[in-house]
Amino acid sequence: MTDRRNIYFFYKKSEETDEQCKKLKQLAEEHGFRVVHHHNEANIIASIGGDGTFLQAVRKTNFRDDCLYVGVAKKGKAHLYADFNIHDTDKMIEATNSEQIEVRKYPLIDVTVDGTSFQCLNEVSIRSSIIKTFVMDVYIDDLHFETFRGDGMIVSTPTGSTAYNKSVEGAIVDPLLPCIQVTELASLNNNTYRTLGSPFILSADRKLTLKIVQDGNDYPIIGLDNEAFSTMHVKEVEVSLSGKMIKTIKLKDNSFWEKVRRTFL
């Protein structure tokens, strides 16, 4: 880590967090790090908070693939994206001088909503904003796969499979598998509409296209990780696995599956 000494702290401003981060900044400087005030100057971006803060840190710093992201939890045990706890400074100090550090790469998804492009670390979701189902034609590459009617769909990355996707009984996917998962929200299956009715996984080479039927449900909710994209009259959403990844610091004794066990079991 000798060549990665410029660190930027990302956190939600509050009196308590300001004081906690002040101590972390002092600790960083005491151990040879340079605290910078803009993320463009950093090669380490430290997120202070929960998984939601980590998602915001990645998004607000433009999904940089030329730096390392570090998650530091403020409360309780470490989270899925946070390998450290703010009160366990000894572990942080040990990590900076230890060969136990390794870099884990997490895939992103590329999302295009009617020509406007985004990236997501967890998932993109599309849901009805009114008490009315809506209809989407689902294409895998150029194949019309099914016509969906229901509340919406979630398209998640492997790491995002533990988030919204899991709450609607999607599968948890190992992040070493380059893929995306598609999970339905309350699909309507009858003699007119028929869907697969279960989550399915697409390889990195596939492209998913959702073509929304314009039937008066004009204000769908587009969720990009933990942010909402305000729009109307959405006609088409395209999703594919990005060639870009973010890099995170992890400890060898804190694998993805150890985090899953710690969080859910």
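Residues numbered from 1 in each chain as written. Predicted model: local features only at pLDDT ≥ 70, side-chain atom pairs only at ≥ 80, totals over all residues. Heavy atoms only, no water.

Enquirer: Which residues make up the sheet that holds strand β8 (residues 123-127), and what values do they have?
Expert: Judged by pairing direction, the sheet is antiparallel, and its 6 strands sit side by side in the order β13-β12-β11-β8-β15-β16 without closing on themselves. The sheet terminates laterally at β13 (200-203) and β16 (227-229), the two strands that pair on one side only. Geometrically, the sheet is characterised by an average inter-axis angle of 20° between neighbouring strands, direction not taken into account. Both β8 and strand β11 (residues 152-156) contribute to a ladder of 5 bridges, which runs antiparallel. Its bridge partner being in β11, Glu123 is matched across the sheet by Ser156. (Pairing = 2+ DSSP bridges. Helix = DSSP H or I, 4+ residues; strand = E, 2+ residues; numbered from the N terminus. Axes fitted to C-alpha atoms, helices over the stretch in contact; angles between N-to-C directions.)

Enquirer: Provide a residue-level description of a negative patch on the surface, including the pertinent values.
Expert: On the surface, a cluster of negative charge is made up of Asp88, Asp90, Glu94 and Asp253. As for its placement among the helices and strands, Asp253 is situated in the loop between β17 (236-251) and α5 (256-264). (Patch = residues over 30% accessible without salt bridge, like charges linked within 9 Å, V, L, I, M, F, W, Y side chains within 5 Å. Areas by Shrake-Rupley, 256 points an atom, 1.4 Å probe, with all protein chains shown as cover. Salt bridge = Lys/Arg side-chain N within 4 Å of Asp/Glu carboxyl O. Lys, Arg positive; Asp, Glu negative; His and termini not counted. Charge placed at Lys NZ, Arg CZ, Asp CG, Glu CD.)

Enquirer: Tell me what's going on with the pattern of salt bridges, and back it up with residues and numbers.
Expert: Summed over all chains, the structure comprises 7 salt bridges. In this structure, Lys60 engages Glu227 in a salt bridge whose closest nitrogen and oxygen atoms are separated by 3.1 Å. Linking Lys60 in helix α2 (residues 51-60) with Glu227 in strand β16, this pair joins segments that are 167 residues apart in sequence. What makes Glu227 partly exposed here is its relative accessible area of 26%. Two residues, Asp215 and Lys132, come together in a salt bridge whose shortest N-O distance is 3.5 Å. Note that Asp215 is positioned in the loop between β14 (207-212) and β15 (221-224) and Lys132 in the loop between β8 and β9 (134-140), a separation of 83 residues in sequence. Note on Asp215: relative accessible area 28%, which makes it partly exposed. Relative accessible area serves as the criterion here: at 31%, Lys132 is assigned to the partly exposed category. (Buried < 20%, exposed > 50% of the residue type's maximum accessible area, 1.4 Å probe, protein only.)

Enquirer: I'd like to hear about the pairing of strand β1 (residues 6-11), residue by residue, with values.
Expert: When you tally the buried positions in β1, you get 5 out of 6 residues, the bulk of the element. Across 2 bridges, β1 lies against strand β2 (residues 34-35) in parallel orientation. Pairing of Asn6 across the sheet is with Arg34, part of β2. As judged from the 5 bridges shared by β1 and strand β3 (residues 44-48), these two strands associate in the parallel manner. Pairing of Phe10 across the sheet is with Ser47, part of β3.

Enquirer: Provide a residue-level description of the nonpolar core, including the pertinent values.
Expert: Counting residues in hydrophobic clusters, the biggest one holds 27 residues, and the most contacted among them are Val111, Val124, Ile126, Leu208 and Val237. Examining the composition of this core, we find that 4 residues originate from one element, β9, more than from any other. Once residues lying within four places of it in the same chain are set aside, the contact partners of Val124 are Ile109, Val111, Met153, Ile154, Val155, Ile222, Gly223, Leu224 and Val239. (Core = buried A, V, L, I, M, F, W, Y, C linked by side-chain atoms within 4.5 Å. Contact = heavy atoms within 4.5 Å.)

Enquirer: Describe the UniProt feature "active site" (unreviewed entry) in the chain, listing the residues and the values that go with them.
Expert: Residues annotated in UniProt with the feature "active site" (unreviewed entry) correspond here to Asp51. Leave out the neighbours within four places in its chain, and Asp51 touches His79, Leu80, Tyr81 and Ala82. (UniProt positions renumbered as here; feature names shortened; annotations may be inferred.)

Enquirer: Residues and numbers for helix α1 (residues 15-30), please.
Expert: Given a rise of 1.5 Å per residue, 16 residues ought to cover 22 Å, and the 23 Å separating the end C-alpha atoms of α1 matches this to within 8%. Those residues of α1 that are buried lie in contact with β1, β2, β3 and α3 (89-96). (Expected span 1.5 Å × (residues − 1).)

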